Amino acid sequence: MNRMTTVDEAVKLVLENVSPLPSEKVSVADSLGRVLCEDVRSGRDVPSFANSAMDGFAVRWSDLAGASSDAPASLAVRGEVAAGGVSRKRVLPGTAIRIMTGAPVPAGADTIVRVEHTEPRGDRVAVFRTDGEGSHIRPAGEDIGKGQLILERGKLLRAADIGLMASIGKARVTVRRRPVVAIIATGDELIGVDDKPTRGKVVNSNGYTLSSAVREIGAVPKSFGIVRDNRNRLAGAFRRALRCDALITSGGVSVGDYDYVKDALGDAGMRMLFWKVAQRPGHPMAFGRVGPRPVFGLPGNPVSSLVSFILYVRPALLKMMGHERLFMPVVRARLADDIRTARGLKEFVRCRIEEENGRLVASSTGTQSSGVLRSLSLAQGLIVAREDQTVLRKGSHAPTILLDHGQRWLQEEMGF
């Protein structure tokens, strides 16, 4: 493990060492954002009955021949049916039944005349115009036919899919289980968010950042709090945390005298697969497994920690949840300024992204210090510099990872 692992090698190793979790049955109301583990077929027609698409009158087409404003058809009104009701009367020759949108079409009717094309005249209705034979009737099964395959295994469930399953009466559905992810922050210097900072102490922002990043993609974070720089305490905390599906630690994976995390993970049974990645930020990072459980030892600096999460932990958790699309989108953006980078390391430069004349332009958010989390809060992307580059020239184009999936430009284009 003396040679640094490249970013590409690290991503490959991570994804080779995680697998989709087993499936579970959940309420359809709780399945949003989950990956479907079964084909869903409908056991019924939707709608289950022919119904009216308009407020108007249910009629027989043969009674309306030649109806016009000059010579309207006159029909006897036999009754009325609203949505949720059922007409006990048939539409007989020369008659009509008042009908509301969504109501079942009465027996005998084959056409709906919209109300604005009619005029009430006592117990009769005058019809001045029609939209054609069979108009404004939604047939049974117009949306879904009985036995039809409506959702395929592997689909990421969205709001419309939830409604679709509800419409066929599917109350429970089989989906990929969401991983419970243990999060441990390490270091004697850390304090809680409610504690008053004193000289030498810093708030455990990584715990909040990583928990939010886990929750953002649909996994379940479980915080184990702060563990001090003591090898035995760390190993004990890691063993308890490994009851979860995955473990993320932050801090203590470098080579300092008090960096015990790597050794403590070994004490807890982790088989190390790599340590140190040829990247910036995020160089001191460890990855391994305890049984089937992936363990990510992320750096303590807040930017390094979150960038490493984006590159490695995020796709791993998405794979565990059964997703097929594991990575954030990458575009080529024109650089607004020269950007100097380190040779031998793949560098991820925090950047703003603007749209100019239909093209994306990237500019650094400022200092690229791994301790300046605000630089990542300001960023819409990460410019990627290869290991053999030391300067990215103004006006050139570079691959750029989109952190907000391009939503910002979509909103501007739509005028929101």
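Predicted model only: the values in this text are computed from it and were never measured.

Colleague: Hey, could you go over the packing of aromatic side chains for me, with residue numbers and the actual values?
Modeller: A complete count under the given rule lists three aromatic pairs for this structure. An aromatic cluster of at least three residues, connected via ring pairs, comprises Phe274, Phe287, Phe296 and Tyr312. Between the NZ or CZ atom of Arg98 and the centre of the ring of Phe57, over which it lies, the distance is 5.5 Å. Here the guanidinium or amino end of Lys262 rests over the ring plane of Trp275, the centre of that ring lying 4.0 Å away.

Colleague: Before we move on, can you summarise the environment of Asp229 with the specific residues and values?
Modeller: In this fold, Asp229 is placed in the loop between β16 (220-227) and α4 (231-241). In this structure, the C-alpha to C-alpha distance between Asp229 and Arg90, residues 139 residues apart in sequence, is 83 Å.

Colleague: So what about the pairing of strand β26 (residues 381-385)? Which residues, and what values?
Modeller: Of all five residues in β26, five are buried; the element is thus mostly enclosed. On β26, burial covers both faces: Gly381, Ile383 and Ala385 on one face and Leu382 and Val384 on the other are all buried. For strand β24 (residues 346-356) and β26, the ladder comprises five bridges, and the chain directions are antiparallel. Bridge pairing in β26 links Arg350 to Leu382.

Colleague: Tell me what's going on with helix α1 (residues 7-16), and back it up with residues and numbers.
Modeller: Of the residues making up α1, those classed as buried are Val7, Ala10, Val11, Val14 and Leu15. The buried residues of α1 occupy one face: seen down the axis, they fall within an arc of 125°. Turned more than 90 degrees off the buried face of α1, the exposed positions are Asp8 and Lys12. Of the surrounding secondary structure, the elements contacted by the buried residues of α1 are β18 (271-275), β19 (279-280), β20 (286-290), β21 (293-298), α6 (302-320) and β24.

Colleague: Lay out the packing of α1 against α6 with the relevant residues and their values.
Modeller: Here α1 crosses α6 at 25°, and the two axes come no closer than 9 Å. Taken as axis vectors, α1 and α6 run roughly parallel relative to one another. Between α1 and α6 the crossing geometry is right-handed. From α1, Val7, Ala10, Val11, Val14 and Leu15 reach across to α6, where they touch Leu311, Tyr312, Pro315, Ala316 and Lys319. Of the residues contributing to the contact of α1 with α6, the split by class is nine nonpolar, no polar and one charged.

Colleague: Which residues make up the sheet that holds strand β17 (residues 246-250), and what values do they have?
Modeller: In spatial order, the strands read β16-β13-β17-β21-β20-β18; together these six strands make up an open sheet with mixed pairing. Pairing within the sheet leaves two strands with one partner each, and these edge strands are β16 and β18. This sheet shows a mean twist of 20° between the axes of neighbouring strands, independent of strand direction. Alignment of strand β13 (residues 180-186) against β16, held across six bridges, turns out to be parallel. Following the sheet pairing, Val181 is matched in β16 by Pro221. Against the sheet, α1 engages β18, β20 and β21, with an angle of about 155° to β18. Lying on the sheet, α6 is in contact with β13, β17 and β21; it crosses β21 at an angle near 170°.

Colleague: Would you mind going over the packing of helix α3 (residues 205-216) against α6 in detail, with residue names and values included?
Modeller: Between two packed helices, the angle of one axis relative to the other and the distance separating the axes together describe the packing. At a minimum axis distance of 11 Å, the contact between α3 and α6 shows a crossing angle of 25°. Compared by their axis directions, α3 and α6 come out roughly parallel. Crossing handedness for the pair α3 and α6: right-handed. Contacts between α3 and α6 involve Ser205, Asn206, Thr209, Leu210, Ala213 and Val214 from the first element and Pro302, Ser305, Leu306, Phe309 and Leu317 from the second.

Cut-offs used in this document
- Residues numbered from 1 in each chain as written.
- Predicted model: local features only at pLDDT ≥ 70, side-chain atom pairs only at ≥ 80, totals over all residues.
- Heavy atoms only, no water.
- Phe/Tyr/Trp six-rings, centres within 6.5 Å; stacked < 30°, edge-to-face > 60°.
- Lys NZ or Arg CZ within 6 Å of the ring centre and 35° of its normal.
- Helix = DSSP H or I, 4+ residues; strand = E, 2+ residues; numbered from the N terminus.
- Buried < 20%, exposed > 50% of the residue type's maximum accessible area, 1.4 Å probe, protein only.
- Pairing = 2+ DSSP bridges.
- Arc of directions from axis to C-beta.
- Contact = heavy atoms within 4.5 Å.
- Axes fitted to C-alpha atoms, helices over the stretch in contact; angles between N-to-C directions.
- Parallel < 35°, antiparallel > 145°, perpendicular 65-115°, else oblique.
- Left-handed = near helix turned anticlockwise from the far one by under 90°.
- Nonpolar A, V, L, I, M, F, W, Y, C, P; charged D, E, K, R; others polar.

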